[in-house]
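Given next are the chains, with one letter for each unit.
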Amino acid sequence: MKRTISLRSSRAMGEALMVWRASSVALRAAAILVGALAIIPLAYILIRALEADATVWERLWSRQIPALAGNTLALTATTVALSTLFGVGAAWLVERTDLPGARVWRVLLALPLAIPAYVAAICWLILLRRGGVIDQMAMEWMGFARGAFPLPQITNLWGATMVISLCVFPYVFLPVGAVLRSLDRSLEEAARMAGLSAWTTLWRVVLPLAMPAAAGGALLVALYALSDFGTVAMLRYRTFTLAIFQQFAGQVDRSAAAILSFVLIGMAIPVLYGAAWMARRERQLTRTRWQPPRLTRLGRWQPLALLAIGGLTFFSLGLPLLTLGGLTLQGWLVPTEVDRIWGVNNAGVLRYALNSVGLAATAATGAIALAIFPALVAVRQPGRWSSLLLAACQSPFALPGIIIGLSFVLLFNRWMPMLYGTLAVLVVGFVFRLLPQAVTANESALRVVSPSLEQAARTLGDNGIRAFQRVTFPVAAPGLLAGWVLCFVTAMKELPTVILLRPPGFDTLPVRIWVAASESVHTQAAPSAFALIAVTIVTLLIVTHYQAGMEKVLSHS
C-alpha cells in the first residue's frame, strides 16, 4: 500500500515538474518575442540612417548637427543642474526639517509631474510675451508705453531650462525624499559622536548617501530634456527633436530625419546606461536597518524656508493652473470672434478627453501586460541573458517619442501601408513608447513576491499560470497598479507620437492644445490643457495614496 502511494506521489511530482518546465519555456519564448519586437523601431531607424546617401550625411554634419548637438547638450546640462537644485533642496526641507505642513508639501511638490512642459511653456508665453498679460497690465496700471516695460526673454536656452525644470524636478524630489526619509538615524548619531557638527554631518554623511537617488533622478531629467519636443517648439529653441520634426514634415526624403535621429539616439544611450547603473547601485545602498530620523530645527530660517517651498510650488503648479483657469473662463464668458470661429465647447473638450483617456488606458494596459513576461524572467531567472533581454525591452527609452513615431511612420509606409493612419498603429506606437516604463515598474513590483510562495503553490498542484493568478499577481498588484498609473499619466501627456501617428479626425487633448497654441488662440488651448491636467492630477493622487509603490517605481524607472 505504502509503495503504491509512493509511486503515485512520484508520478504526480514528475507531472508537476514537466508542467513547470513547459510553462518556463513558454514564459521565456514570450519574453524573447517582446524583446525582439521592442528593438524593431530602433533597428529600423539605424538601418534607414545607414542607407542614406553620403551627400545627405555630409550636408547635415557640416550645416546642422554641430549646432543642434551644442543646443541639445546645453539644454540637457542646465536642466539637470536646475532640477537637481530644486529637487534635492525641496526634499531636504520637507523630509529632514521641522517645516510646517510636510505631508501637504510632499503631495503638492509631486503634482507638477501632471503638467506637460509644453503646457507650462504656453502659460509662460501668455504671461511674458509682448502684448501678454503682464505687458498689458504694465501699460494699463503703471502707464508704460507699448513695448517699454522690461520683460525677461524666455524664447531661448534659459527660458526652456526654467520651464522644463519646474515640471520635471519631482523626478529628483521623489526618490531623494524617499531616501532621506528612510536613512538610518544611527549613521548621523555616529558622526555627531565623532565630533562632526550638524552641517558637516549633512555634507559628509546624509547628502552622499542620497547622491545615488539624486543622480538616478537627474539622469531621468536628462532623458526628458533630450527627448522633449513640445517645449522647445513652443519656445523656438532648436534642438534635435525640433529639427527631426521639421525634416520629417518638410521633405519627401525622410533619410535626413533618420540621420538626425541616429545622432540623438547616440547621445541618449549613455544616459540610459547611467540611469540603469544608478538604479542598481541605489538598491544596494538603501538596504539598511531603519530608525526614525531626527529633524533639523529651522529656527529663524523657517519663514525663508516656507517662502522658498511656497514659491517653488506656486511657479511649478499654481501659476499654470491659475493661467489656464483664467483663460478658460475668458473663452467661455467673454468669447472673441476667433473663439466663436474655433467653437470648442464643453462637448468638444469632453470628446477629446475621452479619446485621450481611452487611448492612454488601452496603451498602458497593453504595455503592462506585455512587460509581465520579460520582468518575470528577469526576477525569477536572473543572469546575463535575462539582463540582455531587459536591455532590449528598455531600448525604446533611448528613443524620444518623435523618433518612435517616425520609425512607425517609415515602417508602416514601406511594409504595411494599408494600416498606416489607423487607430491600431497609434495604439501600437504608444505601447512601445511605454514599454520601458512598464518593464521597470513590473520588475520592481514582482521582486516583492518571494519565490518560495510560488514554489509552495506548485507543490500543491498549481501550474505556472495558476500559481501566478493565485499567488504572484495578488501580492504584486499594488506595484503593478502604480506602474499602470505612471504609464497612463505618460500616455496622457504624450504629444509627438500622437501627432505623427493619429488617424484623420482623431484628436486628443495634447493635439488640440498643440494646434490651438500654434495658432496663438490660447483661449481655445486652455480648456483642453485644464482638462488634461485635471485627469493626470487625479491619477497621480491615486498613486500618492500608494506612495511606497510610486517611490519604488520611480526609483527604478
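Residues numbered from 1 in each chain as written. Predicted model: local features only at pLDDT ≥ 70, side-chain atom pairs only at ≥ 80, totals over all residues. Heavy atoms only, no water.

A.B. asks: Tell me about the overall build of the chain, residues and numbers included.
C.D. replies: Along the backbone of the chain there are 26 helices and zero strands. By sequence separation, contacts in the chain at least 24 residues apart represent 83% of the contacts at least 6 residues apart. In the structure as shown, the chain presents an accessible area of about 25,500 Å², 66% of it carried by carbon and sulfur atoms. (Helix = DSSP H or I, 4+ residues; strand = E, 2+ residues; numbered from the N terminus. Contact = heavy atoms within 4.5 Å. Areas by Shrake-Rupley, 256 points an atom, 1.4 Å probe, with all protein chains shown as cover.)

A.B. asks: Now, about the packing of aromatic side chains: what can you tell me, with residues and values included?
C.D. replies: In this structure the tally under the stated criterion is nine aromatic pairs. Pairing Phe-144 with Phe-149 gives two aromatic rings, centres 5.0 Å apart and planes at 80°, and the pair type is edge-to-face. On the basis of relative accessible area, Phe-144 is assigned to the partly exposed category, the value being 30%. By relative accessible area, Phe-149 is classed as buried at 18%. Relative to Phe-245, the ring of Phe-229 has its centre 5.0 Å away and its plane inclined at 50°; by these criteria the two rings are tilted. One end of the pair, Phe-229, is in the loop between α11 (198–227) and α12 (230–234); the other, Phe-245, is in helix α13 (residues 240–250), and 16 residues separate them in sequence. Both residues of the pair, Phe-229 and Phe-245, belong to the buried class. (Phe/Tyr/Trp six-rings, centres within 6.5 Å; stacked < 30°, edge-to-face > 60°. Buried < 20%, exposed > 50% of the residue type's maximum accessible area, 1.4 Å probe, protein only.)

A.B. asks: Please set out a nonpolar patch on the surface residue by residue, giving values where relevant.
C.D. replies: Judged by side-chain polarity, Val-133, Met-137, Trp-141, Met-142 and Phe-144 come together as a nonpolar surface patch covering roughly 520 Å² of accessible area. Secondary-structure assignment places Val-133 in helix α7 (residues 133–142). (Patch = residues over 30% accessible without salt bridge, like charges linked within 9 Å, V, L, I, M, F, W, Y side chains within 5 Å. Salt bridge = Lys/Arg side-chain N within 4 Å of Asp/Glu carboxyl O.)

A.B. asks: Could you give an account of the side chain of Asn-442, with specific residues and numbers?
C.D. replies: Along the polypeptide, Asn-442 turns up in helix α20 (residues 423–446). Residue Asn-442 is classed as buried on the basis of its relative accessible area of 0%. In this structure the side chain of Asn-442 is engaged in a polar contact, spanning 3.0 Å, whose partner is the backbone oxygen of Ile-368. Discounting residues that sit within four places of it in the chain, Asn-442 has contacts with Ile-368, Ala-371, Ile-372, Ala-375 and Leu-480. (Polar contact = N/O pair within 3.5 Å; in protein donor to acceptor, adjacent residues only side chain to side chain.)

A.B. asks: Let's hear about the nonpolar core: which residues, and what values?
C.D. replies: Counting 162 residues, the largest nonpolar core has Leu-109 and Phe-240 as its most contacted members. What Leu-109 contacts, discounting residues up to four positions off in sequence, is Ala-90, Val-94, Phe-169, Pro-170, Phe-173, Ile-309, Leu-312 and Thr-313. Of all hydrophobic cores here, the second largest spans 14 residues; its members include Ala-375, Leu-376, Phe-468 and Ala-476. (Core = buried A, V, L, I, M, F, W, Y, C linked by side-chain atoms within 4.5 Å.)

A.B. asks: Tell me about the environment of Leu-220, and name the residues and values.
C.D. replies: Residue position: Leu-220 is located in helix α11. Assessed through its relative accessible area of 9%, Leu-220 is described here as buried. Sequence separation between Leu-220 and Val-172 is 48 residues, and the spatial gap between their C-alpha atoms is 8.4 Å.

A.B. asks: I'd like a description of the confidence of the model for the chain, backed by residues and values.
C.D. replies: Overall, the predicted model of the chain reaches an average pLDDT of 80, with 87% of residues at or above 70. Of all helices and strands in the chain, the one with the weakest mean pLDDT is helix α26 (residues 547–556) (49), whereas helix α8 (residues 157–168) scores best (94). With pLDDT under 50 throughout, residues 283–287 is counted as low confidence; its partners more than four residues away or in other chains account for three contacts. Contacts of residues 553–557 to residues separated by more than four positions or lying in other chains number 20 contacts, the stretch itself having pLDDT below 50. (pLDDT = per-residue confidence, 0-100.)

A.B. asks: Help me get a handle on the pattern of salt bridges, residues and values and all.
C.D. replies: Evaluation of the coordinates by the stated rule reveals six salt bridges. The partner of Glu-95 in a salt bridge is Arg-106, and the shortest N-O contact between them spans 2.9 Å. One end of the pair, Glu-95, is in helix α4 (residues 65–96); the other, Arg-106, is in helix α5 (residues 102–108), with 11 residues separating them in the sequence. For Arg-106, a relative accessible area of 18% translates into the label buried. By sharing partners, the salt bridges in this structure join Glu-95, Arg-106 and Arg-181 into a single network.

A.B. asks: Break down the environment of Ile-265 for me, with residues and values.
C.D. replies: With respect to the secondary-structure elements, Ile-265 resides in helix α14 (residues 255–285). Judged by its relative accessible area of 3%, Ile-265 is buried. It is 8.2 Å that separates the C-alpha atoms of Ile-265 and Pro-400, two residues lying 135 residues apart in sequence.

A.B. asks: Can you tell me about unusual backbone geometry, naming the residues and giving the values?
C.D. replies: The phi dihedral of Arg-236 is positive, around 55°, even though this residue is not glycine. With respect to the helices and strands, the residue Arg-236 is situated in the loop between α12 and α13.

A.B. asks: A description of helix α24 (residues 509–518) should follow, citing residues and the corresponding values.
C.D. replies: Counting buried residues in α24 gives eight out of 10 residues, a clear majority hidden from the surface. Those residues of α24 not exposed but buried are Leu-509, Pro-510, Val-511, Arg-512, Ile-513, Trp-514, Ala-516 and Ala-517. Following α24 by one or two positions, Ser-520 has its phi on the positive side, about 60°.

A.B. asks: Got a sec to walk through the side chain of Ser-316? Specific residues and values, please.
C.D. replies: Here Ser-316 lies in helix α15 (residues 302–333). A polar contact is formed between the side chain of Ser-316 and the backbone oxygen of Thr-313, at a distance of 3.5 Å. Setting aside anything within four residues of it in sequence, one finds Ser-316 in contact with Pro-112, Ile-115, Leu-166 and Phe-169.

A.B. asks: I'd like a rundown of the packing of helix α6 (residues 117–128) against α15, residues and numbers included.
C.D. replies: When two helices pack together, their arrangement is given by the angle between their axes and by how far apart the axes lie. At a minimum axis distance of 10 Å, the contact between α6 and α15 shows a crossing angle of 70°. Taken as axis vectors, α6 and α15 run roughly perpendicular relative to one another. Considering only the axes of α6 and α15, their crossing is left-handed. In contact with Val-119, Cys-123, Trp-124, Ile-126 and Leu-127 of α6, α15 contributes Phe-315, Leu-319, Pro-320, Thr-323, Leu-324 and Leu-327. (Axes fitted to C-alpha atoms, helices over the stretch in contact; angles between N-to-C directions. Parallel < 35°, antiparallel > 145°, perpendicular 65-115°, else oblique. Left-handed = near helix turned anticlockwise from the far one by under 90°.)

A.B. asks: I'd like a rundown of the environment of Leu-322, residues and numbers included.
C.D. replies: Of note, Leu-322 is situated in helix α15. On the basis of relative accessibility, which here comes to 59%, the residue Leu-322 falls in the exposed class.

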